[in-house]
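Structural characterization, general
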Amino acid sequence: MAKESIKARERKREHLVAKYAKKRAELKAAGNYEALDKLPKNASPVRLHNRCKLTGRPKGYMRKFGINRVTFREMASAGKIPGITKSSW
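Treat the numbers as computed from the prediction; the structure is a model and nothing was measured. (Residues numbered from 1 in each chain as written. Predicted model: local features only at pLDDT ≥ 70, side-chain atom pairs only at ≥ 80, totals over all residues. Heavy atoms only, no water.)

Quick notes on the domain arrangement of the chain
Where we set the bar: What marks off one domain from the next here is an automatic or database domain assignment. Contacts are residue-level and defined by heavy atoms, with any inter-residue pair within 4.5 Å sufficient. Note on terms: buried area is the combined drop in 1.4 Å-probe accessible area of two parts once they are placed together, counting the loss on both. Definition used for salt bridges: Asp or Glu carboxyl oxygen within 4 Å of a side-chain nitrogen of Lys or Arg.
Domains assigned within the chain are domain 1 (1-49) and domain 2 (50-84). Each of domain 1 and domain 2 has a C-alpha centre, and the two are 25 Å apart. At the junction of the two partners, domain 1 supplies eight residues and domain 2 supplies seven residues. Counting the surface lost from both domain 1 and domain 2, the interface buries some 560 Å², and carbon and sulfur atoms represent 53% of this. Of all residues in domain 1, the largest losses of buried area upon contact with domain 2 belong to Met 1, Lys 7 and His 49, amounting jointly to 63% of the total for that side. Where domain 1 packs against domain 2, one counts zero salt bridges.

Comments concerning the nonpolar core
Rules: Working definition of a nonpolar core: buried Ala, Val, Leu, Ile, Met, Phe, Trp, Tyr and Cys residues. They are joined through side-chain atoms within 4.5 Å. Here the term buried applies to any residue with accessible area under 20% of the maximum for its type, exposed to any over 50%, and partly exposed to those in between, with areas from a 1.4 Å probe on protein chains only. To qualify as a helix, a DSSP run of H or I must reach at least 4 residues; to qualify as a strand, a run of E must reach at least 2; elements of each kind are numbered from the N terminus.
Core analysis: the biggest nonpolar cluster contains six residues, these being Leu 16, Tyr 20, Leu 27, Leu 36, Leu 39 and Ala 43. Per element, the largest residue contribution to this core is three residues, and it comes from helix H1 (residues 4-30). The residues touching Tyr 20, leaving out its near neighbours within four places in the chain, are Leu 39, Pro 40 and Ala 43. Cys 52, Ile 67, Phe 72 and Ile 81 belong to the second-largest nonpolar core, a separate cluster that totals five residues.

What follows is the structure, encoded as structure tokens:
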């Protein structure tokens, strides 16, 4: 489980990216790179990192489900993810 401060920092970055998305797009289209430099660093979408929505784990992230592989396996085994069953042949 990731520290709450790390998860909060990532949420803050997501909020900043959403807040400045329109302004960044306009400045990029206009080619005004000086103004782009003056925006906050965390407003850049490149600085975002995918994290598990439940545990905050940064590695083994599965985009389709928004959780990491460990949590996915636990939830799938418990039958908490609809349409996912353990394969057997």
